[in-house]
Protein chains: 2
Amino acid sequence: MRDLPIGFLDSGFGGLTVVKESLKQLPNESIIYIGDSARAPYGSRPLSEVRQYTKQLTAFLMEKGIKMLVIACNTGTAATLKELRREMPIPVVGVIHAGSRAAIKVTENQQIGVIGTKGTVESHLYQKVIDAKENNMTVHERAVPRFVPIVEEQRINDAETMHIINEDLQPLKENNVDTLVLGCTHYPLLRNQIQRVMGEHVILIDSGAEAINEVSTLLDYFNLGRSSDDNQKNSATQAYYTTGDGEDFAHFTRQWLNQPDLTVQEVVIRGDEIIDYSNEK
Amino acid sequence: MRDLPIGFLDSGFGGLTVVKESLKQLPNESIIYIGDSARAPYGSRPLSEVRQYTKQLTAFLMEKGIKMLVIACNTGTAATLKELRREMPIPVVGVIHAGSRAAIKVTENQQIGVIGTKGTVESHLYQKVIDAKENNMTVHERAVPRFVPIVEEQRINDAETMHIINEDLQPLKENNVDTLVLGCTHYPLLRNQIQRVMGEHVILIDSGAEAINEVSTLLDYFNLGRSSDDNQKNSATQAYYTTGDGEDFAHFTRQWLNQPDLTVQEVVIRGDEIIDYSNEK
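What comes next concerns the included structure. Here the structure is a predicted model, which means the values were calculated and not measured.

Here we come to the sheet that holds strand E10 (residues 264-266) of chain B. Residue and element names in this part refer to chain B. Taken in spatial order, the six strands line up as E4-E3-E1-E2-E9-E10 in an open sheet, and their pairing is parallel. With partners counted over all chains shown, the strands left at the sheet margins are strand E4 (92-93) and E10, one partner each. Judged from the four bridges that link them, strand E1 (residues 6-10) and strand E3 (residues 68-71) form a sheet pairing that is parallel. Paired with Ile-6 across the bridge in E3 is Met-68.

Structure below.
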């Protein structure tokens, strides 16, 4: 069991920001990732649909064999964390609680901003989680639906991008937040731009990176950590799957994780199932 | 169950650094604390004895009723975490794993210093936990048995204190550590002095404060968090017990937690039990 990989799922590329943190903090752990690029972005879909897709991705990862599931997607977390925790035989980690905890820890003026997809913001889960822990905080939630397409379409360095970010974050600047939760795992890819707009005094919380702290805690708690005894580290594995274009996904992933030899396997959505045909050859 | 307090135990005052972080990050949670000042410090006692004492403190807290146990003492964690996790019907949190995780996260030169009591250092638990997660780290463990008495005897501002700290930390400065784990919950009370000796470039990890992150994670995971609905926050309670001198303990605790009205109850060690006579009046 301890040698099984940790499974990560996301609507597309975003969850790779969580994987990057896992490779850094937990290098002995094997990982398996699936990005649902064919149906990304999830953010503006009804939560019932997001729930259905998330469960398909989960079933795919369970079929491959995992010891822990990370919903490396805020919209997916909002839609399914509670349900999956109840149903799954392994620990399930989302990204919203971890981001909320970090925000409570660092804010000094009790004005916390949260940016996310439409689905995440309309679920008000950040607001609820923060309120339940510390009800003196004011949480300013704001949907910024234009951010994910910028990342998925790799328009990060386009001239128009700074303009969009500047426009969409204005209300939060006016709210005088001293802490801003990047409530979507795609946003850390726009971190520099967001920091420039918000100003250096605002602390940006990467909810995905914080989630790895939670993963590490639960690995310890349930004694599920893969140990580095016997030089196992060298045999920690990584596997990447996408429902979208494999080459496109690989191009991005190699750059982001700085692994030029990384390969990505295309998988196919058939009815309610996600199928890895390469496995059946 | 969710309304029960979180129990904290320590050999003396040190665990109050963990409580302070709990009051900040989890203000809705009730807490109950016991410090075994009559038998402090634990650091140079055999681990078998520390185990026996820790279990007595645990039994006392369980009798009072708690939903989670925090071993707010590194020596106690080294001696009993594994055993208590197996035996207890509630989640048990120690301080060593949390401190290790934080150190791995922040170090840039992979040279991690750990200071602790003799018991903690000789258990090599920091070394083991860090190695298991990331075996490229070099961990420099060092026992500094003169630190705890400085805190317990409230000699923090004495002239000799800076001299002792400077002398005891020299080897770690020579090891060129960029991260230093304060592997005893008493040490954050000497934080300014330690920072001055190590230099501003060294990041100090407060293992106790990090443990609250773990507490918060497990409260969420097991759905044990006390919610702030219905203005419950106002009724979150705090109770402090000591096996030592109540007035002495109260004096220190009021100052440290900035709560001038706080009271401390003396309890008595009788054979293998710790008894709260005030309860039996």
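On we go from here.
Further remarks concern the pattern of salt bridges. The tally for this structure, following the rule as stated, stands at 36 salt bridges over all chains. With a closest N to O distance of 2.9 Å, B:Arg146 and B:Glu167 form a salt bridge. Of the two residues, B:Arg146 sits in the loop between strand E6 (138-143) and helix H7 (147-152) while B:Glu167 sits in helix H8 (residues 159-174), which places them 21 residues apart along the sequence. Here the salt bridges do not stand alone but share partners, grouping A:Arg85, A:Arg101, A:Lys133, A:Glu214 and B:Asp220 into one network.

What follows concerns the sheet that holds strand E5 (residues 111-116) of chain B. The strands making up a sheet associate through hydrogen bonds between their backbones, and the pairing can be parallel or antiparallel. Residues and elements named next belong to chain B. What the four strands build is an open sheet, ordered E6-E5-E7-E8; its pairing is parallel. The open sheet has two edge strands, E6 and strand E8 (203-206), and neither has a second partner. Across this sheet, the average inter-strand angle for adjacent strands is 25°, counted without regard to direction. Two strands pair when backbone bridges link them, and E5 and strand E7 (residues 179-182) are joined in this way by four bridges, in the parallel orientation. Within E7, the position partnered with Ile-112 by the bridge is Thr-179. Docked against the sheet, helix H6 (residues 125-133) engages E5, E6 and E7, running at close to 170° with respect to E6. Packing of H8 onto the sheet brings it into contact with E5, E6 and E7, and relative to E6 it is tilted by some 165°.

Here we come to helix H9 (residues 191-198) of chain B. Residues lying three or four places apart along an α-helix face the same way, a consequence of the helix completing one turn every 3.6 residues. Residues and elements named next belong to chain B. Within the span of H9, buried status applies to Gln-193, Ile-194, Gln-195, Val-197 and Met-198. Among the structural elements, E5, H7, H8, E7 and E8 are those in contact with the buried residues of H9. Phi turns positive one or two residues past the end of H9, at Gly-199, with a value near 100°.

If you look at the biggest cluster of nonpolar residues, it comprises 104 residues, and the most contacted ones within it are A:Ile194 and B:Ile194. Setting aside anything within four residues of it in sequence, one finds B:Ile194 in contact with B:Ile115, B:Phe147, B:Ile165, B:Leu169, B:Leu180, B:Leu182, B:Tyr187 and B:Leu204.

All names here are of chain B. Summarising burial for strand E2 (residues 31-35): five of the five residues are buried, a large majority. The two faces of E2 match: Ile-31, Tyr-33 and Gly-35 on one face and Ile-32 and Ile-34 on the other face are all buried. Across five bridges, E1 lies against E2 in parallel orientation. When the bridges of E2 are listed, Gly-7 appears paired with Ile-32. In this view, the connection linking E1 to its parallel neighbour E2 by way of helix H1 (residues 16-25) has right-handed handedness. Taken together, the five bridges between E2 and strand E9 (residues 238-242) define a ladder with parallel strand orientation. When the bridges of E9 are listed, Ile-31 appears paired with Gln-238.

Criteria and thresholds
- Counting from 1, residues in each chain are numbered in the order their sequence is written.
- Just so you know, chain letters begin at A and ligand numbers begin at 1, following the order they were written in.
- The predicted nature of this model means local features are confined to residues of pLDDT at least 70 and side-chain atom pairs, given and counted, to a pLDDT of 80 or more, with totals for whole chains, interfaces and linings taken over all residues.
- Only hydrogens and water are removed before side-chain values are computed, so all heavy atoms of the structure are retained for them.
- Whether two strands pair comes down to DSSP finding at least two bridges between them.
- Think of it this way: any DSSP run of H or I at least four residues long counts as a helix, any run of E at least two long counts as a strand, and we number them from the N terminus.
- Criterion for a salt bridge: a side-chain nitrogen of Lys or Arg within 4 Å of a carboxyl oxygen of Asp or Glu.
- Note on definitions: angles span 0 to 180 degrees between N-to-C directions of axes, and those axes are lines fitted to C-alpha atoms, for helices only across the stretch in contact.
- Should any heavy atoms of two residues lie within 4.5 Å, those residues are counted as being in contact.
- Type-normalised accessible area, obtained with a 1.4 Å probe on protein chains alone, sets the label of each residue: buried when under 20%, exposed when over 50%, and partly exposed for intermediate values.
- Within this scheme, the nonpolar core is defined by two criteria: the residues are buried Ala, Val, Leu, Ile, Met, Phe, Trp, Tyr or Cys, and they are joined through side-chain atoms within 4.5 Å.
- Think of it like this: strands point away, you trace from the first strand over the helix to the second, and a clockwise trace means the crossover is right-handed.

These figures come from the coordinates and say nothing about function on their own.
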